[in-house]
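# Architecture at a glance
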Amino acid sequence: MRLYLVNPSNPLVSMVRVKESRWNRYRVWKPLSLMVLAGLTPPEWDITIVDENRGVPDYSAMPRPDLVGITAFTSQANRAYEVAACFRGLGVPVVMGGIHATVCLDEVSERVDAVVTGEAEGVWAKVLEDVRQGRLQRRYDGGLAEIKDVPSARHDLLAEGYAVGAIQTTRGCPLNCSFCSVTAFNGARYRQRAVADVVREFQTIRERYVLVVDDNLVGTRPDHIERAKDLFRALGQANLRKEWIAQATINFADDEELLTLAAKAGCRGVFIGFESPTPEGLREIGKKFNLLKGRDFRASVRRIQRHNILVVGSFILGLDVDGPGTGKRIAEVASQYGVDNLNVLFLTPLPGTRLWEEMKADHRLALNAFPEDWKYYTLMFPVARYRHLSLDAIVAEMIACNRSFYSLSRILRRVAGSFWRRRAPLISLVGNLSYRRNFGVDCRAYEDFKRQQGDRLRRPPGLADVERAGRVTPPISKP
Ligand code: B12
Ligand code: SF4
């Protein structure tokens, strides 16, 4: 039995852009979902993983498979449907799963033979058996998996051509921020894989650099932190010679022993969501953790950096509290906190989130001709109607923010600071220049976007918008 697992490319903004900067090689991440799915697949299946971000093959020239499985984030949905149509045209059954299939079940069901909602661990074996028996059903729901059932990903299947490997050590996040899909999809219960399993899987990764994809690396409760310490201790003792980056909440900074162990285990960078420079903004999106009294962000960032761990700060632009001047304010605050890199994203109502429900109810989903418009839901474009910022104003704020944070003088100051504190100045320089360069590409993309979609975004909501938004009612899986 032959199985193709496909990660569709995002034709609008390829995250790859390898041709524009060779450093972007380090931004091509492996589709871990498909490697995990492969790990769940019995040996009688011959598996090929196709990552279209590295090139789209001529499917008609490939041997005919017995089943095609497609994954998709929302922004990849349109390409996913093209791939599905191509294989269905050849008479091959197509099953789609992942976040978009879960939050937009009806839309996806119309375009594929079967949909798997939720996590796949509990149902994938049945899907494959049903294909073998010729009785594929329309829908399978995996819900939330038992963490012990999460297999080792098949790192051997995508062994070549990537600079960075990927692994997952936990699932879920208890914090449930309004704009984020994670709690809706992976649940509020923080599930941690067995330490030994993670260490064993780490040993099968060929790349020296690894992305730990967890949404919340160390969790929030004391027992979460203890388990994180156990994991880091075991990774350190295994002497894997890996260097890895991860996503964490700011409480990562609160425990010296945790930081020491993380650094010894190979942690070289953390991506931290600061989200808003103001408490009002944090309250608006429900990011409770960042609101804890007495939190000194600058000191927290410094504590992490003292362990030679870089900090990338992420902020959102377009909150209801954001008005003219917010862009520069974010750049100022990020510089004050002392982050090594800044990543600012437009507030984007992703289906399945509380933010989606709120914006839909207020008729603020401006780009709402779905599925076509999903391609703009990359957080790189302002797809909604923002409370105090018009289309032109919000784009101008984004440009002002990046121009300020990535000005040559600020970059030099940051790099000199790293040099002074003996903290990898070269990595800091390369990271900053790479962001600066990509920002230039983004500016051109904003101009195209405004030309193509400006009229729709500038006009007030009409009846057609209201009706269209009403038609998409994604089911939210229960945390
Ligand atoms: C790593 C990651 C990335 C990597 C991508 C790696 C890759 N190629 O897959 C990078 C950094 C590039 C990235 C980029 C983006 N990301 Co991202 N990313 C993640 C993250 C943190 C982990 C994904 C992961 O590997 N999970 C581990 C695997 C094992 O879990 P999984 O993907 O859910 O797969 C399971 C099930 O979903 C299911 N399944 C999945 N696919 C399939 C297919 C079939 C056939 C079946 C049966 C089952 C199945 O089975 C798997 C095992 O249970 C998630 C958060 C999360 N928890 O998922 C966000 C997340 C997926 N990203 C998100 C977003 C918004 C983006 C961006 C659009 C925005 C941005 N600027 O970051 C871009 C889009 C890029 C693009 N292609 O267009 C959102 C997606 C929401 C949505 N509705 O689409 C998420 C959920 C985060 C969030 N805060 O909401 N991302
Ligand atoms: S803390 Fe991070 S992963 Fe958790 S809900 Fe908030 S944004 Fe999502």
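Computed from a predicted structure; not experimentally measured. (Residues numbered from 1 in each chain as written. Chains lettered and ligands numbered in written order. Predicted model: local features only at pLDDT ≥ 70, side-chain atom pairs only at ≥ 80, totals over all residues. Heavy atoms only, no water.)

## Things to note about the pairing of strand S14 (residues 341–346)
As a reminder, the rule being used: Each residue is placed in one exposure class: buried if its accessible area under a 1.4 Å probe, protein chains only, is under 20% of its type's maximum, exposed if it is over 50%, and partly exposed if it falls in between. Under the scheme used here, helices are H or I runs from DSSP no shorter than 4 residues and strands are E runs no shorter than 2 residues, and both carry numbers assigned from the N terminus. At least two bridges found by DSSP between two strands are what make those strands a pair. Whether a crossover is right-handed comes down to one check: with the strands pointing away from the viewer, does the path from the first strand over the helix to the second run clockwise; if it does, it is right-handed.
The buried fraction of S14 is high, at six of six residues. Going residue by residue along S14, you find Asn341, Asn343 and Leu345 tucked away on one face and Leu342, Val344 and Phe346 tucked away on the opposite face as well. Note: strand S13 (residues 310–317) against S14, six bridges, orientation parallel. Opposite Leu317, over in S14, you have Phe346 as the bridge partner. Following the backbone out of S13, through helix H12 (residues 326–337) and into the adjacent parallel S14, one traces a crossover that is right-handed.

## Focus: the sheet that holds strand S12 (residues 267–275)
Cut-off, in case you're wondering: To get an axis, fit a line to the C-alpha atoms, keeping to the stretch in contact for a helix; angles then go from 0 to 180 degrees between the N-to-C directions. Only heavy atoms matter for contacts: two residues are in contact if any of them lie within 4.5 Å across the pair.
One open sheet accounts for six strands, arranged S7-S10-S11-S12-S13-S14; its pairing is parallel. At either margin of the open sheet sits one strand with a lone partner, and together these are strand S7 (164–167) and S14. Across the sheet, the mean angle from the axis of one strand to that of its neighbour is 25°, orientation sign disregarded. Here helix H7 (residues 195–203) sits on the sheet and contacts S7, strand S10 (209–212) and strand S11 (243–248); the angle it forms with S7, its principal contact strand, is near 160°.

## Description of the site of ligand 2
Heads up, the rule is: Only heavy atoms are used to decide nearness, and a residue is near a molecule or strand if one of them lies within 4 Å of it. Residues are grouped as follows: nonpolar covers Ala, Val, Leu, Ile, Met, Phe, Trp, Tyr, Cys and Pro; charged covers Asp, Glu, Lys and Arg; every other residue, Gly included, is treated as polar.
Lining the immediate surroundings of ligand 2 are Cys173, Leu175, Asn176, Cys177, Phe179, Cys180, Thr183, Asp215, Thr249 and Lys287. Looking at the shell around ligand 2, its residues break down into five nonpolar, three polar and two charged.

## Things to note about the site of ligand 1
In plain terms, the rule: What qualifies as a polar contact is a pair of N or O atoms within 3.5 Å, subject to a donor-acceptor requirement within protein and to the restriction that residues adjacent in sequence count only when both atoms come from side chains.
Taken together, 40 residues are adjacent to ligand 1, and Thr71, Thr74, Ser75, Glu121 and Asp215 come closest. Within the backbone of Thr74, a nitrogen or oxygen atom sits 2.7 Å from an oxygen atom of ligand 1. Within the side chain of Asn186, an N or O atom sits 3.2 Å from a nitrogen atom of ligand 1. Of all the elements in the fold, those that place two or more residues in the shell around ligand 1 are helix H1 (32–39), strand S3 (67–71), strand S4 (94–97) and helix H6 (182–186). Element by element, the count of residues in the shell around ligand 1 is highest for H1, at four residues. Across the shell around ligand 1, the residue classes break down as 19 nonpolar, 16 polar and five charged.

## Things to note about the confidence of the model for the protein chain
The criterion, for reference: pLDDT measures how confident the predictor is about each residue, on a scale from 0 to 100.
With 92% of its residues at a pLDDT of 70 or more, the protein chain shows a mean pLDDT of 92. pLDDT under 50 marks residues 473–479. Its contacts with residues more than four places away, or in other chains, come to 21 contacts.

## Some words on the pairing of S3
Within S3, five of the five residues are buried, which leaves it mostly tucked inside the rest of the structure. Two strands pair when backbone bridges link them, and strand S1 (residues 2–7) and S3 are joined in this way by four bridges, in the parallel orientation. Opposite Tyr4, over in S3, you have Val68 as the bridge partner. For S3 and S4, the ladder comprises four bridges, and the chain directions are parallel. Paired with Gly69 across the two strands is Val95, which belongs to S4. Handedness of the S3-helix H2 (residues 77–89)-S4 crossover: right-handed.

## Here's the deal with the pattern of salt bridges
Rule in force here: Basic side-chain nitrogens of Lys or Arg form a salt bridge, by our definition, when they fall within 4 Å of a carboxyl oxygen of Asp or Glu.
Applying the stated criterion across every chain, the model contains 38 salt bridges. Residue Arg387 pairs with Asp362 through a salt bridge whose shortest N-O separation is 3.9 Å. Taken together, the positions of Arg387 in the loop between helix H13 (354–361) and helix H14 (391–405) and Asp362 in the loop between H13 and H14 put the pair 25 residues apart, joining distant regions of the chain. Counted as one network, the salt bridges with shared partners bring together Glu226, Lys229, Asp230, Arg233, Asp255 and Glu257.

## Concerning the packing of aromatic side chains
Going by this rule: Stacked, tilted and edge-to-face are the three classes applied to pairs of Phe, Tyr and Trp rings, where Trp contributes its six-membered ring and a pair requires centres within 6.5 Å; stacked means planes under 30 degrees apart, edge-to-face means over 60, and tilted covers the rest. Any Lys NZ or Arg CZ that is within 6 Å of a ring centre and within 35 degrees of that ring's normal is treated as a charge sitting over the ring.
Taken as a whole and judged by the stated rule, the model has 19 aromatic pairs. The interplanar angle of 45° and the centroid separation of 5.1 Å between the aromatic rings of Phe274 and Tyr337 together place this pair among those described as tilted. With Phe274 in strand S12 and Tyr337 in helix H12, this residue pair connects regions lying 63 residues apart in the sequence. A single burial state applies to Phe274 and to Tyr337, both of which are buried. One aromatic cluster is present, formed by Phe274, Phe297, Phe315 and Tyr337 through successive ring pairs. Across the ring face of Tyr162, the terminal group of Arg54 is positioned such that the distance to the ring centre comes to 4.8 Å.

## Description of the side chain of Thr183
In this fold, Thr183 is placed in helix H6. Owing to a relative accessible area of 4%, Thr183 belongs among the buried residues under this scheme. Looking at Thr183, its side chain comes within polar contact range of the main-chain oxygen of Cys173, at 2.9 Å.

## Focus: the nonpolar core
As a reminder, the rule being used: Think of a nonpolar core as a cluster: buried Ala, Val, Leu, Ile, Met, Phe, Trp, Tyr and Cys residues, connected wherever their side-chain atoms sit within 4.5 Å.
Grouped together as the largest cluster of nonpolar side chains are 111 residues, with contacts concentrated most on Phe202, Phe232, Trp244, Phe252 and Phe274. Tallying contributions element by element places H14 first for this core, with seven residues. Core analysis: the second largest hydrophobic core is formed by 28 residues, Leu67, Val116, Val127 and Tyr140 among them.

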